[in-house]
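Analysis of the macromolecular model
Here's the letter readout for the chains.
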Amino acid sequence: MLLINPNSNTDTTSMMQTLAQEYFRKDSLRVVGITTVATPSMITDSTALKESVGPVLDAVRGYLAGSQGNEVAAVIIGAMGDPGRAELVTELRIPVIGIGQAAILTAASNDRPFAMATSTPELVSSLTGLVESHGCAEHFIGVELTSSSPLELAADPEAQFVQLRDATRRGLGHGARAVIIAGGPLADTARRIAQSEDIEVIEPISSACQMVMRALGL
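A brief structural summary. (Residues numbered from 1 in each chain as written. Predicted model: local features only at pLDDT ≥ 70, side-chain atom pairs only at ≥ 80, totals over all residues. Heavy atoms only, no water.)

Attention now moves to the packing of aromatic side chains. One pass over the structure, following the stated rule, counts two aromatic pairs. Judged by centre distance (5.4 Å) and plane angle (85°), the rings of Tyr 23 and Phe 24 are edge-to-face. Given a relative accessible area of 24%, Tyr 23 falls into the partly exposed group. Phe 24 sits in the buried class, given a relative accessible area of 0%. Relative to Phe 140, the ring of Phe 114 has its centre 5.2 Å away and its plane inclined at 40°; by these criteria the two rings are tilted. With a gap of 26 residues between them, Phe 114 in strand E5 (residues 114–118) and Phe 140 in strand E6 (residues 140–145) connect regions that are remote in the sequence. Judged by its relative accessible area of 0%, Phe 114 is buried. Classification of Phe 140 as buried rests on a relative accessible area of 16%. (Phe/Tyr/Trp six-rings, centres within 6.5 Å; stacked < 30°, edge-to-face > 60°. Buried < 20%, exposed > 50% of the residue type's maximum accessible area, 1.4 Å probe, protein only. Helix = DSSP H or I, 4+ residues; strand = E, 2+ residues; numbered from the N terminus.)

Written out as structure tokens, the structure is:
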């Protein structure tokens, strides 16, 4: 399975790859993580999200055209905005799953109200649009934000954990029954919050892995 990180940060790629591989270990499905070039180390606004589509397509196509390309059973897009997913879905004959797509469909299952918690205020409109594109707007409570900027929190994992945990709790206070931790680079913190809170926290990487499993009939 191929996991593409649209953020040009190899540490983030390694973290997401490790989380995905942990999920697939019992199924012997090997996860290969690849990283885009010519994109920001962390996508924080809608312009950067749109501009990442081309690098995502180039990276995925390049890998699939290589010597191990025919071994890839599925592709996961490792950014909440799912850049390049729509194009790859029409182009490839294997499942292409976006972590945003997977998290939203998981959160909205059984028509439950859900919210998002994230550190990127300039992506709120993109995230809201993604919810609408999957037909889940009627169940969406909204986006809860951290008080610090995404880059500040990326440099301070403990503050990132505390602020996203608090944002998650606010979402629940506003009526959500599930809260998505929205962001590929936030995947490790999402896991921490899910393990520390007695609430339904949606981890986008895990949600995408579950969709891959269903798509492959595993």
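Considering all chains together, one arrives at zero disulfides under this definition. Here Cys 136 stays free of any disulfide, with the sulfur of Cys 209 as its closest cysteine sulfur at 20 Å. With relative accessibility at 6%, the residue Cys 136 sits in the buried group. Classification of Cys 209 as buried rests on a relative accessible area of 0%. (Disulfide = S-S within 2.5 Å.)

With that out of the way, let us pick up helix H9 (residues 187–196). Where H9 is concerned, the buried positions are Ala 187, Thr 189, Ala 190, Arg 191 and Ile 193. Residues of H9 that are buried in the fold lie against helix H1 (10–24), helix H8 (157–173), strand E7 (178–181), strand E8 (201–202) and helix H10 (204–216). (Contact = heavy atoms within 4.5 Å.)

Below, the discussion takes up the sheet that holds strand E2 (residues 32–35). Read across the sheet, four strands follow the order E2-E1-E3-E4 without closing on themselves; strand pairing throughout is parallel. Where the open sheet ends on each side, the last strands, each with one partner, are E2 and strand E4 (96–98). Each strand of the sheet is rotated relative to its neighbour by a mean of 25°, with strand direction disregarded. Relative to the sheet, helix H5 (residues 99–107) contacts strand E3 (75–77) and E4, its axis offset from that of E4 by approximately 70°. (Pairing = 2+ DSSP bridges. Axes fitted to C-alpha atoms, helices over the stretch in contact; angles between N-to-C directions.)

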